[in-house]
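Chain by chain, the residues run as shown.
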Amino acid sequence: MNRLTLAWRNIARNRRRSLLTGGVVVFGFASFALAGGFMAQSFDGLRNNAIRNGLGHVQFADARAFDKSEETVLEFGIRNAGKTMEQLRADPQVLVVMPRLEFFGLVSAGGRSVPFAGNGVDPTAETQGSEIPKAVKDGAWFKPEERAVVIGRGLANILNAQVGSSVTLLASTPDGVLNAIDATVSGIADIFIKELSDRYLALPLPLAQELLTTPDTVSRLSVILKEPARENQAVQRLTHSLQKSGLTLTAKTWQELALFYQQVRVLYLAIFGFMGIVLLVVVFLATANTMLMSVTERTREIGTLRALGARASRVTQGFILEGALLGVVSAVAGTVLSLLITLAINTAHIEMPPPPGSAKGIIISVHIIPAAYVAAAFAMILTLVLAAYFPARRAARASVVQSLTHV
């Protein structure tokens, strides 16, 4: 009889205790794997929101635009933006280039004037590379040739504006001259951050350039890459390509610009890391108790083995093998349970309450992360091995006479 078969028979001798210990490990494994999948889903959601809401995978701008605040409109703007965009689009890994002209001004409708944060964009590029056009629930996203704007629902409520309403935009040009244009509200977007919804206004790039009297000038260029996106490699390649054409711009990846993502990531890692440690401690204490009972009940058996010449290390190894085998079986059962729970959660489309600063809840979607399952299996098996090692080592090193006379 080999040692593996013997270990399995020892596990099966007390099925109730083995099932109890295995059950603790199974639920511990499932908790570990599901937490990893939920965390991965949260990170992917935050990443996608950051990239698809204007940042892009890589953003190009004047170096001063990343470090300083503009004292005048488009002080650090990109001149001859058309040439730069053509150069960027020539790269085979670039999916779309989204020019953005950012400015502030006043919007008037119905005798009321309200400050707004303006975004001059390429309507076609935004449709390809941004989620913002999908946020338009009333009306429609504007077309390049339209003299139209899309406003946030909060701003629409403040202005009492509806789809089709006429508005007047007033802004200061780089020369300090006030300029105004008339436009029509083509759509109202549900922007889920209230403060942004109260100020958001998007308009076609040519119309924004007309308002600011800055033809072929933008604030920054956001580049969406084809997946899998390799931002760091793209930065080096695209920067070098621009420099060869005599264009000098600074590039930053979305990770460098999305400070909120970095803060949330650190927070999540700290929270789930602490929860993981607590979970492992609970599993260890629960399994250590049952393993201690098992070893205690088999003290005379250990003494008999020692009397027949078995070494203490060999006896200890037998218990460790039992713990590892039980851990493997429990990990397999935990994997099945985790996959079933993941399927149930993703199918149910459970919506979480809106996070701070947002007006819409988030649909829970747990990802299946192989690395999380492997880490959970390793952690659970190691926990059972340690839970078996300490009591077995102590019992195996006791004197043979003491073990044989144990009651």
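Structure: above.
Residues numbered from 1 in each chain as written. Predicted model: local features only at pLDDT ≥ 70, side-chain atom pairs only at ≥ 80, totals over all residues. Heavy atoms only, no water.

*Asks:* Help me understand the overall build of the protein chain in this model?
*Replies:* Looking only at helices and strands, the protein chain has 15 helices and 12 strands in total. By the compact-globule yardstick of 22 Å for 407 residues, the protein chain is too spread out, its C-alpha radius of gyration being 32 Å. Seen through its principal axes, the protein chain has C-alpha atoms that stretch 100 × 50 × 30 Å. Counting all 407 residues of the protein chain, 45% fall into the buried class. Summarising the internal contacts of the protein chain: among those between residues at least 6 apart in sequence, 77% fall at separations of at least 24. Here the protein chain displays about 21,300 Å² of accessible surface, and carbon together with sulfur accounts for 60% of that area. Charge separation in the protein chain, taken as the distance between the mean sites of 38 positive and 29 negative side-chain charges, equals 20 Å. (Helix = DSSP H or I, 4+ residues; strand = E, 2+ residues; numbered from the N terminus. Rg over C-alpha atoms; globule rule 2.2 N^0.38 Å. Buried < 20%, exposed > 50% of the residue type's maximum accessible area, 1.4 Å probe, protein only. Contact = heavy atoms within 4.5 Å. Areas by Shrake-Rupley, 256 points an atom, 1.4 Å probe, with all protein chains shown as cover. Lys, Arg positive; Asp, Glu negative; His and termini not counted. Charge placed at Lys NZ, Arg CZ, Asp CG, Glu CD.)

*Asks:* In this structure, what is going on with the nonpolar core? I would like to understand it.
*Replies:* If you look at the biggest cluster of nonpolar residues, it comprises 47 residues, and the most contacted ones within it are Phe60 and Leu169. Looking at this core element by element, the count peaks at 6 residues for strand E2 (residues 94-109). The contact partners of Phe60, leaving out residues within four places of it in the chain, are Phe66, Ile78, Leu88, Arg220, Leu221, Val223, Leu238, Thr239, Leu242, Leu249, Thr250 and Ala251. One finds Met39, Val264, Phe272 and Ile364 within the second-largest nonpolar core, a separate group that totals 18 residues. (Core = buried A, V, L, I, M, F, W, Y, C linked by side-chain atoms within 4.5 Å.)

*Asks:* Mind showing me how you'd approach a nonpolar patch on the surface here?
*Replies:* Taken together, Leu267, Ile271, Phe274, Met275, Val278 and Val282 make up a surface patch of nonpolar side chains, about 560 Å² in accessible area. With respect to the element layout, Phe274 can be found in helix H11 (residues 259-297). According to the relative accessible area criterion, Phe274 is exposed, its value standing at 56%. (Patch = residues over 30% accessible without salt bridge, like charges linked within 9 Å, V, L, I, M, F, W, Y side chains within 5 Å. Salt bridge = Lys/Arg side-chain N within 4 Å of Asp/Glu carboxyl O.)

*Asks:* In this structure, what is going on with the packing of aromatic side chains? I would like to understand it.
*Replies:* Aromatic ring pairs: the centre-centre distance and the angle between the two ring planes describe each pair. Under the defined criterion, the tally for this structure stands at 9 aromatic pairs. Judged by centre distance (5.7 Å) and plane angle (90°), the ring pair of Phe103 and Phe116 falls under edge-to-face. A residue pair is termed long-range when its members are at least 10 positions apart, and Phe103 in strand E2 and Phe116 in strand E3 (residues 112-121) qualify at 13 residues. Each member of the pair, Phe103 together with Phe116, is buried. Summarising the aromatic geometry, the rings of Trp254 and Tyr261 are spaced 4.8 Å apart at their centres and angled 70° between planes, so their arrangement reads as edge-to-face. Both residues of the pair, Trp254 and Tyr261, belong to the buried class. Through a chain of ring-to-ring contacts, three or more aromatic side chains come together here, namely Phe38, Phe43, Trp254, Tyr261, Tyr268 and Phe272. It is Arg265 that lies over the ring of Phe43; its NZ or CZ is 4.7 Å from the centre. (Phe/Tyr/Trp six-rings, centres within 6.5 Å; stacked < 30°, edge-to-face > 60°. Lys NZ or Arg CZ within 6 Å of the ring centre and 35° of its normal.)

*Asks:* When you look at the pattern of salt bridges in this model, what are you seeing that I'm missing?
*Replies:* Side-chain pairs of opposite charge can arise whenever the charged atoms involved come near each other. A full pass over the atoms with the stated rule returns 11 salt bridges. Where Arg64 meets Asp62, a salt bridge forms, and the shortest distance between an N and an O atom there is 3.1 Å. Judged by relative accessible area, which is 19%, Asp62 ranks as buried. With its nearest N and O atoms 2.4 Å apart, the salt bridge here joins Asp190 to Arg153. You can see Asp190 sitting in the loop between strand E7 (178-189) and helix H7 (194-197) and its partner Arg153 sitting in helix H6 (residues 153-159), a full 37 residues away along the chain. Judged by its relative accessible area of 27%, Arg153 falls in the partly exposed class. Salt bridges here are not isolated pairs; linked through shared partners, they connect Arg47, Glu227 and Glu231.

*Asks:* How should I be thinking about the packing of helix H2 (residues 15-55) against helix H14 (residues 370-396) in this particular structure?
*Replies:* Packing of H2 against H14 leaves a shortest axis separation of 9 Å and a crossing angle of 150°. Comparing the axis directions of H2 and H14 gives the class roughly antiparallel. The handedness of the crossing between H2 and H14 is right-handed. For the pair H2 and H14, the contacting residues are Thr21, Val25, Gly28, Phe29, Phe32, Ala33 and Gly36 in the first and Ala372, Tyr373, Ala375, Ala376, Ala377, Met380 and Leu384 in the second. Taken together, the residues of the contact of H2 with H14 break down into 11 nonpolar, 3 polar and no charged. (Axes fitted to C-alpha atoms, helices over the stretch in contact; angles between N-to-C directions. Parallel < 35°, antiparallel > 145°, perpendicular 65-115°, else oblique. Left-handed = near helix turned anticlockwise from the far one by under 90°. Nonpolar A, V, L, I, M, F, W, Y, C, P; charged D, E, K, R; others polar.)

*Asks:* Help me understand helix H13 (residues 312-348) in this model?
*Replies:* Helical geometry note: an α-helix holds 3.6 residues per turn, so side chains three or four residues apart project in the same direction. Over its 37 residues, H13 runs 53 Å from end to end, which matches the ideal 54 Å to within 8%, given 1.5 Å per residue. Remark: His349 follows H13 within two positions and exhibits a positive phi of approximately 55°. (Expected span 1.5 Å × (residues − 1).)

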